[in-house]
Amino acid sequence: FDGPTPIPYTKVTRHIWGDVAAGQVDDWIYVSSGQIHQLVFGMPPGDGFRHSESFRTVFGADEVLTVLMGTMIIANPETGEVHLVQKGESVFFQKDTWHHAFAWGSEELRVLEYFAPPPSTGASGKYAATRPYVSDFKYERSELIGHWPARRPEAEARAKIKVLREADRLWSLDPTDPRVLTGIVASTDQLTAGSVRLNPGGRSQGLTHGGAAGLYVLKGRVNILIDDPEASPVWFELHPQDGFYVPEGATYRAFNMGGEP
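Described in the following lines is the structure provided in the data block. (Residues numbered from 1 in each chain as written. Predicted model: local features only at pLDDT ≥ 70, side-chain atom pairs only at ≥ 80, totals over all residues. Heavy atoms only, no water.)

The next subject is the overall build of the protein. The helix and strand inventory of the protein stands at two helices and 21 strands. A globule of 261 residues ought to have a C-alpha radius of gyration of about 18 Å, and the protein, at 19 Å, matches this closely. Evaluated residue by residue, the protein yields a buried proportion of 48% over its 261 residues. In the form shown here, the protein has an accessible surface area of approximately 13100 Å², with 52% of it arising from carbon and sulfur atoms. Positive and negative side-chain charges of the protein, numbering 24 and 32 respectively, have mean locations separated by a distance of 3 Å. (Helix = DSSP H or I, 4+ residues; strand = E, 2+ residues; numbered from the N terminus. Rg over C-alpha atoms; globule rule 2.2 N^0.38 Å. Buried < 20%, exposed > 50% of the residue type's maximum accessible area, 1.4 Å probe, protein only. Areas by Shrake-Rupley, 256 points an atom, 1.4 Å probe, with all protein chains shown as cover. Lys, Arg positive; Asp, Glu negative; His and termini not counted. Charge placed at Lys NZ, Arg CZ, Asp CG, Glu CD.)

Glancing now at the pattern of salt bridges. A full pass over the atoms with the stated rule returns 12 salt bridges. The shortest N-O distance in the salt bridge between Glu53 and Arg56 comes to 2.7 Å. Salt bridges sharing common partners tie together Arg151, Glu154 and Arg158. (Salt bridge = Lys/Arg side-chain N within 4 Å of Asp/Glu carboxyl O.)

We now examine unusual backbone geometry. Omega for the peptide link from Ala116 to Pro117 comes to 0 degrees, which places this bond in the cis form. Structurally, Pro117 is set in the loop between strand 11 (109–116) and helix 1 (125–128). Note that the residue after Trp148, namely Pro149, is joined by a cis bond; omega there is 10 degrees. Tracing the backbone shows Pro149 in the loop between helix 1 and helix 2 (152–158).

The three strands lie next to each other as 1-20-17, forming an open sheet whose pairing is antiparallel. The sheet is open, and its two edges are formed by strand 1 (5–7) and strand 17 (213–216), each paired on a single side. When the angles between neighbouring strand axes are averaged without regard to direction, this sheet yields 20 degrees. Judged from the four bridges that link them, strand 17 and strand 20 (residues 243–246) form a sheet pairing that is antiparallel. By the bridge assignment, Gly214 is partnered in strand 20 with Tyr245. (Pairing = 2+ DSSP bridges. Axes fitted to C-alpha atoms, helices over the stretch in contact; angles between N-to-C directions.)

This brings us to the nonpolar core. In terms of nonpolar packing, the biggest core is built from 22 residues, with Tyr30, Val40, Val64 and Tyr216 touching the most fellow members. Elements with a contribution of two residues or more to this core: strand 3 (23–32), strand 6 (62–69), strand 11 and strand 14 (177–187). For Tyr30, the contacting residues outside a window of four places in its chain are Phe1, Ile7, Tyr9, Val12, Gln38, Leu39, Val40, Tyr216, Gln241, Asp242 and Gly243. Residues Ala22, Phe41, Met43 and Ile74 belong to the second largest nonpolar core, which totals 21 residues. (Core = buried A, V, L, I, M, F, W, Y, C linked by side-chain atoms within 4.5 Å. Contact = heavy atoms within 4.5 Å.)

Strand order in the open sheet formed by four strands is 5-10-7-8, and the pairing between neighbours is antiparallel. Each of the sheet's edge strands pairs with one partner strand only, and the pair in question is strand 5 (48–49) and strand 8 (82–85). The sheet contact formed by strand 5 and strand 10 (residues 100–104) spans two bridges and is antiparallel. Residue pairing across strands places Gly48 opposite Phe102, the latter belonging to strand 10.

A separate point is the side chain of Ser52. Tracing the backbone through its elements, the reader meets Ser52 in the loop between strand 5 and strand 6. Its relative accessible area of 5% is what places Ser52 among the buried residues. A distance of 2.9 Å separates the side chain of Ser52 from the side chain of Asp19, its partner in a polar contact. Here Ser52 is in contact with Asp19, Ala21, Ala22 and Tyr133, once residues within four sequence places are set aside. (Polar contact = N/O pair within 3.5 Å; in protein donor to acceptor, adjacent residues only side chain to side chain.)

Relative to the helices and strands, Val85 resides in strand 8. As a C-alpha pair, Val85 and Gln35 span 50 residues in sequence and 27 Å in three-dimensional space. Those residues within four positions of Val85 in sequence are excluded, and the remaining contacts are Val67, Thr71, Met72, Ile74, Ser90, Val91 and Val163.

Any functional reading would require information beyond the geometric quantities listed.
Right, dumping it as structure tokens:
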């Protein structure tokens, strides 16, 4: 992208990830730049992905996954962690975390994923090829049988995959408009991911980030105003499943001009 850019769902790049051994997953790639990778992946009920020699699911990046539709089971085949993640909930993990995911129940699964550093830096397949291969999949933590929930705090502290629910977010109010509420899911030196809620009429302050940003609309109608001191302001209208790319250093504001929060 040359600058701030709307990404309509109808024009998002489609891709199939995986092979027969790992499983094949639908990808809708919104942004894959030198700073950030943003996509939605999906799978039908009962389907899932594991890993194979060619498609290894262990990366040199921080990741945040948020369930948009359905229910996800995510597992670490190296440690035996298994987590059930409902719609609206997120998971967070950092580099060197093996992960498998499955669509649980009778509904299609769709998951919003943020990944940084992005694949263009060598943090995905190239990095995965350097890691020790996990050939025996483990889907239980048998060492905790007979010690649950007594050892739950210890197990959670050692877990590589963190499930983050609404109550776990770092919430803040926009100082210029209390109708704008932000909840940070996770923030590291590589990646910050969160959600923004705009009540009807809500208008955020000008926002500028130290890196590139990829926006994704969950519901309602969102308007983005780009503040450019050298040109007239540019106004965009976004709808559910649309995305928006904001380059590093650009200033933008988010508006809810409709009646739906």
